[in-house]
Amino acid sequence: MPSIALVTLVVRDYDEAIAFYTDALGFDLVEDTDRGNGTRWVVVRPRGAGGFGGIGNAGLLLARARNDDEEAAVGNQSGGRVAFFLHTDDFARDHERMTAAGVKFLEEPRHEPYGSVAVFEDLYGNRWDLLQPAGAPTGT
């Protein structure tokens, strides 16, 4: 079965993006390969996701903006809507850790029929949901 492997996220700077996704969000740096001419192949993935072909393995390809059009898209790749959904098995733990790391939450946590959720912004302003789906296995 096909699965989504990577989603491109346009960023201003490779190193600041790597720092945010690994330090503030706790992602793993999967690959950082110099491709010449100032470009790199940079992949981050939520910690614990990995390998190929399974659900939950999708990563982000951090692509540095190379022109005015790409620069204009940084932080607004979805027109201000929530673009990314970060699932967790322990909402309180991850919300607390991310808040302590300086992640900007745009609302207080909500408990909805579908789960516990709060919207946050990445370092560029892209909107994300931190979500623990209702009925999901809890904590490890």
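Residues numbered from 1 in each chain as written. Predicted model: local features only at pLDDT ≥ 70, side-chain atom pairs only at ≥ 80, totals over all residues. Heavy atoms only, no water.

Asker: Give a description of the overall build of the protein chain that names residues and reports values.
Answerer: Of regular secondary structure, the protein chain possesses three helices and nine strands. If you list the helices and strands of the protein chain from N to C, you get β-α-β-β-β-α-β-α-β-β-β-β. Taking 14 Å as the expected radius of gyration for a compact globule of 140 residues, we find that the protein chain reaches 15 Å, a close match to that expectation. With respect to the principal axes defined by its C-alpha atoms, the protein chain has extents near 45 × 35 × 25 Å. A buried classification covers 36% of the 140 residues belonging to the protein chain. Residue pairs at least 24 apart in sequence account for 54% of intrachain contacts in the protein chain once pairs closer than 6 positions are excluded. In the protein chain, which carries 13 positive and 22 negative side-chain charges, the distance between the mean positions of the two groups comes to 2 Å. (Helix = DSSP H or I, 4+ residues; strand = E, 2+ residues; numbered from the N terminus. Rg over C-alpha atoms; globule rule 2.2 N^0.38 Å. Buried < 20%, exposed > 50% of the residue type's maximum accessible area, 1.4 Å probe, protein only. Contact = heavy atoms within 4.5 Å. Lys, Arg positive; Asp, Glu negative; His and termini not counted. Charge placed at Lys NZ, Arg CZ, Asp CG, Glu CD.)

Asker: Lay out the pattern of salt bridges in plain terms, naming residues and giving numbers.
Answerer: Enumeration over the complete set of coordinates arrives at 11 salt bridges. Lys104 is the partner of Glu121 in a salt bridge, and the nearest nitrogen-oxygen pair spans 3.7 Å. Of the two residues, Glu121 sits in strand β8 (residues 115–121) while Lys104 sits in strand β6 (residues 104–105), which places them 17 residues apart along the sequence. A salt bridge links Glu112 to Arg110; the shortest N-O distance between them is 2.9 Å. Residue Glu112 is classed as partly exposed on the basis of its relative accessible area, which comes to 30%. Given a relative accessible area of 28%, Arg110 falls into the partly exposed group. Taken together, the shared-partner salt bridges in this structure form one network comprising Asp89, Arg93, Asp94 and Arg97. (Salt bridge = Lys/Arg side-chain N within 4 Å of Asp/Glu carboxyl O.)

Asker: Tell me what's going on with the packing of aromatic side chains, and back it up with residues and numbers.
Answerer: The description of two aromatic rings rests on the distance between their centres and on the angle between their planes. A full pass over the atoms with the stated rule returns seven aromatic pairs. Ring geometry for Phe20 and Tyr21: centres 5.1 Å apart, planes at 90°, overall edge-to-face. Exposure remark for Tyr21: the relative accessible area of 0% places this residue in the buried category. Linked through ring pairs, Phe20, Tyr21, Phe27, Phe84, Phe105, Phe120 and Trp128 together constitute an aromatic cluster. (Phe/Tyr/Trp six-rings, centres within 6.5 Å; stacked < 30°, edge-to-face > 60°.)

Asker: An account of the nonpolar core is requested, with residue identities and associated values reported.
Answerer: Ranked by size, the top nonpolar core spans 28 residues in total, and within it Tyr21, Leu60, Leu62 and Phe120 carry the most contacts. Looking at which element gives the most residues to this core, the answer is helix α1 (residues 14–24), with six residues. Once residues within four sequence positions are removed from consideration, Tyr21 is found in contact with Leu9, Gly26, Phe27, Val44, Leu60, Leu62, Asp122, Leu123 and Trp128. (Core = buried A, V, L, I, M, F, W, Y, C linked by side-chain atoms within 4.5 Å.)

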